[in-house]
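A look at the structure
Single-letter residue listing:
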Amino acid sequence: MSLDVSPKLLAEAGQGDIREEDFVDTVRTSLPYAYDLIGSLAIELRGGTAEFADNQTPPPSERERGQLLRALASDAIRGALERHFGVSLAFQNCHRVAAFRPEARGGETYTRFTSVRSQVLNQSPEFRDC
């Protein structure tokens, strides 16, 4: 299970729409490594002039790697985190997630980062089992 959803939030979802803030809080408590990593990339991006901020450090364990993969594999989670942190996310492998300014999506650097060529160039044997 990806998220530890409270009975209250589950009941609210059963009745209709829920507040995105409540969903993001569930993501924060359920997937703290992913939440904190994306949050730190957003802070780094806002604090600098680089076109993007990215993580190239492998997670400390498979547990954290799983959190990151679950967060980025879900359209709902990924979209909520993008809106919450004010970034566009791009993902290349088991841990290389990048935060771009939203207006960069579709631009040259974002397109290069998300290209098939960049994906191939960013591979190595240790990524095959992740």
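All of the points below concern the structure found in this document. (Residues numbered from 1 in each chain as written. Predicted model: local features only at pLDDT ≥ 70, side-chain atom pairs only at ≥ 80, totals over all residues. Heavy atoms only, no water.)

Another point: the nonpolar core. Counting residues in hydrophobic clusters, the biggest one holds 25 residues, and the most contacted among them are I77 and L81. Where this core is concerned, the elements lending two or more residues are α2 (20-30), α3 (32-47), α4 (62-73), α5 (75-85) and β3 (97-100). Looking at which element gives the most residues to this core, the answer is α3, with eight residues. The residues contacting L81, other than those within four sequence positions of it, are V27, Y35, I38, A71 and G86. (Core = buried A, V, L, I, M, F, W, Y, C linked by side-chain atoms within 4.5 Å. Buried < 20%, exposed > 50% of the residue type's maximum accessible area, 1.4 Å probe, protein only. Helix = DSSP H or I, 4+ residues; strand = E, 2+ residues; numbered from the N terminus. Contact = heavy atoms within 4.5 Å.)

What follows covers the packing of α2 against α5. Taken N-terminus to C-terminus, the directions of α2 and α5 make an angle of 105°; their axes are 10 Å apart at the nearest point. Our classification of the angle between α2 and α5 gives roughly perpendicular. Side by side, α2 and α5 meet where E20, F23, V24 and V27 of the first sit next to A76, I77, A80, L81, R83 and H84 of the second. Its residues placed into classes, the contact of α2 with α5 shows seven nonpolar, one polar and two charged. (Axes fitted to C-alpha atoms, helices over the stretch in contact; angles between N-to-C directions. Parallel < 35°, antiparallel > 145°, perpendicular 65-115°, else oblique. Nonpolar A, V, L, I, M, F, W, Y, C, P; charged D, E, K, R; others polar.)

A few words now on the packing of aromatic side chains. What the rule picks out here adds up to five aromatic pairs. Ring centres of F100 and F113 lie 5.7 Å apart, and the angle between their planes is 70°; this geometry places the pair in the edge-to-face category. You can see F100 sitting in strand β3 and its partner F113 sitting in helix α6 (residues 108-113), a full 13 residues away along the chain. Members of the aromatic cluster, joined through ring pairs, are F52, F100, Y110 and F113. (Phe/Tyr/Trp six-rings, centres within 6.5 Å; stacked < 30°, edge-to-face > 60°.)

Ordered in space as β1-β3-β2, the three strands form an open sheet in which the pairing is antiparallel. At either end of the open sheet lies a strand with only one pairing partner, and these are β1 (52-54) and β2 (88-91). Recorded for the sheet is a direction-independent mean angle of 25° between the axes of neighbouring strands. In terms of strand pairing, β2 meets β3 through four bridges, oriented antiparallel. (Pairing = 2+ DSSP bridges.)

To continue, consider the pairing of β3. Taking every second residue as pointing to the same face, both faces of β3 are buried, with V97 and A99 on one and A98 and F100 on the other. Pairing analysis gives three bridges linking β1 to β3, with the strands arranged antiparallel. Directly across from F52, in β3, lies its bridge partner F100. The antiparallel hairpin formed by β2 and β3 contains five residues in its connecting segment.

Once that is clear, we can look at the packing of α3 against α5. A pair of packed helices can be characterised by two numbers: the angle between their axes and the separation between those axes. It is the contact of α3 with α5, at a shortest axis distance of 10 Å, that shows an interaxial angle of 35°. As α3 runs across α5, the sense of the crossing is right-handed. Here α3 contributes Y35, I38, G39, A42 and R46 to the contact with α5, which in turn contributes L81, H84 and F85. Residue composition of the contact of α3 with α5, by class: five nonpolar, two polar and one charged. (Left-handed = near helix turned anticlockwise from the far one by under 90°.)

The end-to-end C-alpha distance of α4 is 16 Å, a good match for the 16 Å that 12 residues give at a rise of 1.5 Å each. Residues E64, R65, G66, Q67, L68, A71 and L72 constitute the buried set of α4. Looking at the buried positions of α4, the neighbouring elements they touch are α2, α3, α5, β2 and β3. (Expected span 1.5 Å × (residues − 1).)

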